[in-house]
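A look at the structure
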Amino acid sequence: MITLSIHKFEEGIVNEDAVKATQKWIAVSDGAGGGGLFADLWSKYLVEHLPDEPITDYQTFDKWIDGIWEPFYNDCEELAKVEGGMLLNKFYDEGSFATIVAVWEDGHWMSYGDSVAFCYDRASDKLQNSFGRLVDFNNPPYLVNCKDPLKEVGFKAGQFEIQKDSIVFVASDALAHYILMMYEVAHREQYEDELQEAIDAQTKDSNFIRAALGMKKVDFEKDVIEKLLNCWNVGNFKKHLHKCWKNGLIGHDDYSIAMM
């Protein structure tokens, strides 16, 4: 099991991601600080309260969130009351936001938002993922709110085919985009249309794809998977991703990964 999480490459800021691995599951939650309050607390709360039984459908997911949100809301309401005024009103109006993705030991996965589950089989060089097309990272993610109803359209679930050579992992959005992008660049003949579609979107992600396509050759297992597996500690993880960022391959964000 590997769990690693770092904040953006700046001093004195809070990491709004949360990551956890148990014998039963791995999970990442990306707290969205662009709206609401206490995103870092909400992401941590979600991964701390994940059940050991797989969540395989929207009704189960909705029931799980419905069963856990209230103590968090009450605690954060008290924190906001201490600050008072505008902060309290902001919490009442907006609540707290985060994504969630998890994979259980039997290969069942679920996601809400743009954090992504992966299963890479070394023997076949096949990468399964929970997300879809690279260009979809440009869309605003669905977010779990501590006070508002969920949207069924934002929920995804499935089951990976896990082989003896498989590596199963979850990652927050910027790192997930990098991983999926690098896999598609390593197999560019197969994903030519999807890569072009994402370039044509003319977003910041388009620039990362151009930079990756400019590399001489990408061996996905050696250049991406092995390097992540060798990041045994936060220092190595930070050094590796800082290099990716400097090379124009990854967005500037909090980065989190859990592997099993």
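Summarised in this report is the structure supplied together with it. (Residues numbered from 1 in each chain as written. Predicted model: local features only at pLDDT ≥ 70, side-chain atom pairs only at ≥ 80, totals over all residues. Heavy atoms only, no water.)

On a plain count of helices and strands, the protein comes out with 8 helices and 12 strands. The C-alpha radius of gyration computed for the protein amounts to 18 Å, which stays within 12% of the reference 18 Å derived for 260 residues, consistent with globular compactness. A principal-axis box enclosing the C-alpha atoms of the protein has dimensions of 55 × 35 × 35 Å. Here the protein holds 260 residues, and 49% of them are scored as buried. (Helix = DSSP H or I, 4+ residues; strand = E, 2+ residues; numbered from the N terminus. Rg over C-alpha atoms; globule rule 2.2 N^0.38 Å. Buried < 20%, exposed > 50% of the residue type's maximum accessible area, 1.4 Å probe, protein only.)

The subject of this paragraph is the pattern of salt bridges. In this structure the tally under the stated criterion is 12 salt bridges. Two residues, E226 and R122, come together in a salt bridge whose shortest N-O distance is 3.1 Å. Placement of the pair is E226 in helix α7 (residues 220–229) and R122 in the loop between β7 (116–121) and β8 (126–129), with a sequence separation of 104 residues. Judged by relative accessible area, E226 falls into the partly exposed class, the value being 26%. With a relative accessible area of 31%, R122 lands in the partly exposed category. In this structure, the salt-bridge partner of K222 is D223, at a minimum N-O distance of 3.8 Å. Classification of K222 by relative accessible area gives exposed; the value is 54%. (Salt bridge = Lys/Arg side-chain N within 4 Å of Asp/Glu carboxyl O.)

This paragraph deals with the environment of L228. Along the chain, the position of L228 falls in helix α7. Setting aside its immediate chain neighbours within four residues, L228 contacts L175, I179, F237, H240, I257 and M259. (Contact = heavy atoms within 4.5 Å.)

Quick look at the packing of helix α2 (residues 58–83) against helix α3 (residues 85–94) now. Two elements in contact, α2 and α3, have axes whose closest approach is 6 Å; the angle formed by their N-to-C orientations is 155°. If you check the angle between α2 and α3, you find them roughly antiparallel. Helix-helix and strand crossings are classified by hand; for α2 and α3 the assignment is left-handed. Of α3, the residues touching α2 (which contributes Y73, C76, E77, A80, K81 and E83) are G85, L87, L88, F91 and Y92. Residues belonging to the contact of α2 with α3 are distributed by class as follows: 7 nonpolar, 1 polar and 3 charged. (Axes fitted to C-alpha atoms, helices over the stretch in contact; angles between N-to-C directions. Parallel < 35°, antiparallel > 145°, perpendicular 65-115°, else oblique. Left-handed = near helix turned anticlockwise from the far one by under 90°. Nonpolar A, V, L, I, M, F, W, Y, C, P; charged D, E, K, R; others polar.)

This part covers the packing of aromatic side chains. Inspection of every chain in the model, using the stated rule, returns 19 aromatic pairs. Between the aromatic rings of F38 and F91, the centroid separation amounts to 5.7 Å while the plane-to-plane angle is 70°, which identifies the pairing as edge-to-face. In this pair, F38 sits in the loop between β3 (25–30) and α1 (39–48) while F91 sits in helix α3, placing the two residues 53 residues apart along the sequence. For the pair formed by F38 and F91, the shared burial category is buried. The structure contains a cluster of three or more aromatic residues connected by ring pairs, namely Y58, F61, W64, Y112, Y142 and F155. Above the face of the F131 ring, K156 is positioned so that its terminal group lies 5.1 Å from the ring centre. (Phe/Tyr/Trp six-rings, centres within 6.5 Å; stacked < 30°, edge-to-face > 60°. Lys NZ or Arg CZ within 6 Å of the ring centre and 35° of its normal.)

To continue, consider unusual backbone geometry. Only a minority of non-glycine residues have a phi that is not negative, and only a minority of peptide bonds are not trans. Phi is positive for F38, close to 60°, though the residue is something other than glycine. For D125, which is not glycine, the phi torsion reads 60° and is therefore positive. Note on placement: D125 falls in the loop between β7 and β8. Overall, D125 belongs to the partly exposed group, its relative accessible area being 27%.

Quick look at the layout of surface pockets now. In this structure, the largest pocket spans a volume of roughly 470 Å³. Contributing elements (two or more residues each) for the lining of the largest pocket: α4 (173–186) and α6 (204–213). Grouping the amino acids of the lining of the largest pocket by side-chain chemistry returns 8 nonpolar, 10 polar and 8 charged. (1 Å grid on protein atoms, 1.4 Å probe; cavity = no way out; pocket = protein on both sides within 12 Å on 5 of 7 lines; lining within 4 Å. Points joined across faces, edges and corners; volume = space filled by probe spheres on them.)

Turning to a negative patch on the surface, a few remarks are in order. Where like charges cluster on the molecular surface, the negative patch consists of D62, D66, E70 and E152. Tracing the backbone shows E152 in the loop between β9 (144–145) and β10 (155–159). (Patch = residues over 30% accessible without salt bridge, like charges linked within 9 Å, V, L, I, M, F, W, Y side chains within 5 Å. Areas by Shrake-Rupley, 256 points an atom, 1.4 Å probe, with all protein chains shown as cover. Lys, Arg positive; Asp, Glu negative; His and termini not counted. Charge placed at Lys NZ, Arg CZ, Asp CG, Glu CD.)

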